[in-house]
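Next come the chains, spelled out residue by residue.
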Amino acid sequence: MQRFLWLVAFLAVPGIQAAEPTPALSYYQVQGATQAGWGSSDAKVEAVRETLLSAQVPGAIVALPVKAGDQVKAGQELTRIDARMASQGAAASNAQVAAAQASLHLAGKEYERQKQLFAKRYISQAALDSAEAQWRATQAQVAALQAQAGVAATQTGLHSVKAPYSGVVASVPANLGDMAMPGRPLVALYDPAALRVTAQLTEEQVRQLRAGGGVQVELTDRRLAIAASQVQVLPTADPLSHTVPVRVQLPADVRAVPGMFARLWWQGGAADASQRVLVPAQAVVRRAEMTGVYVQGQDGKPRLRQVRLGPPADAKGELVEVLSGLGAGDQVALEPQAAAKVR
């Protein structure tokens, strides 16, 4: 009776509260599922259209209106090289064409007069032939000078580097005022609407990919199901590593950049069936770069354990495969937020 009164008095003291009871947690017992396994390989994102633009003529860079990350349209000027000497050469060629055209006009008039005189038998056939030869020679000279003027105009146009298609500027390895030389890279451009993932697979992995029932691509925290028509196995192999390049076309709405890390997943055939460890997706905890689940410890309290996840195990994404960190028989908390409060 005395102990009961002391307990009542203790609870009645202001500022002292009884400890809250530990909430009852729901656990999921991990079981292995015998299904076709999934294989994976490191991959990288590539641009289907990627261009490294360089100069075709030497000269100082006088304009560089773009920078890395800019969106550009087809035909937009990316770099301009000093073209004053080329412009002067084009102007000189045009002047020579104008002078030759004047000479051609004069030679044509002279040829017409000579034909009239020959008709009246005032001159010989040799004189007429000489006038005709002079007229035709002047015609040829005009054509040659016009071709030279066209070359000079084309040479002037090469001083402006323009985008061959609409895309994104990946890098600008040149600075304003630098000397551009033929073959020196000026601007790197790629098309963000056409991206792919490339992986190097062994011959056995390629066989599994072809015989399996699905292909997926993992980008950071996303996984995309890929149609068979978007998977291309190249008909070549590396003679040193004996691997085969596999390209997977990404949908146009996927946000990615060339060089980004990716992972290619493929479902193996029936002969590769193995025990898969599956857990509910709601039990997974993601904190920054760590992925884990709360597993019931020997003391009955949940403990956070890091795991490595695979692709979703069903179409709705309610179950996810755990590649490492868990085994059959482990108890996983279904409410990770409540499990984190247990001390």
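Novice: Tell me about the side chain of His 159, residues and numbers included.
Specialist: Positionally, His 159 belongs in the loop between α3 (125-157) and β8 (160-162). Ignoring anything within four residues of it in the chain, the contact list for His 159 reads Val 57, Pro 58, Thr 79, Arg 80, Ile 81, Asp 82, Ala 83 and Ala 86.

Novice: So what's going on with the side chain of Arg 196? Residues and values would help.
Specialist: Here Arg 196 is to be found in strand β12 (residues 195-202). Setting aside chain neighbours within four positions, we find Arg 196 in contact with Lys 44, Val 45, Glu 46, Val 48, Arg 247, Val 248, Gln 249 and Leu 250.

Novice: So what about the packing of aromatic side chains? Which residues, and what values?
Specialist: Within the structure shown, the criterion is met by one aromatic pair. Centre to centre, the rings of Tyr 111 and Trp 135 are 5.4 Å apart; their planes meet at 10 degrees, and the pair counts as stacked. Taken together, the positions of Tyr 111 in helix α2 (residues 84-119) and Trp 135 in helix α3 put the pair 24 residues apart, joining distant regions of the chain. For Tyr 111, a relative accessible area of 12% corresponds to the buried category. Classification of Trp 135 by relative accessible area gives partly exposed; the value is 22%. The residue whose ring lies beneath Arg 49 is Tyr 165, and the NZ or CZ to ring-centre distance is 4.3 Å.

Novice: A description of helix α4 (residues 203-211) should follow, citing residues and the corresponding values.
Specialist: By the burial criterion, the buried members of α4 are Val 206, Gln 208 and Leu 209. Seen end-on, α4 carries its buried residues on one side only, within an arc spanning 160 degrees. Of the exposed residues in α4, those oriented more than 90 degrees away from the buried face are Glu 203 and Arg 210. Lining the buried residues of α4 we find β12, β13 (215-219), β15 (231-233), β16 (243-249) and β17 (261-267).

How each quantity is defined
- Residues numbered from 1 in each chain as written.
- Predicted model: local features only at pLDDT ≥ 70, side-chain atom pairs only at ≥ 80, totals over all residues.
- Heavy atoms only, no water.
- Helix = DSSP H or I, 4+ residues; strand = E, 2+ residues; numbered from the N terminus.
- Contact = heavy atoms within 4.5 Å.
- Phe/Tyr/Trp six-rings, centres within 6.5 Å; stacked < 30°, edge-to-face > 60°.
- Buried < 20%, exposed > 50% of the residue type's maximum accessible area, 1.4 Å probe, protein only.
- Lys NZ or Arg CZ within 6 Å of the ring centre and 35° of its normal.
- Arc of directions from axis to C-beta.

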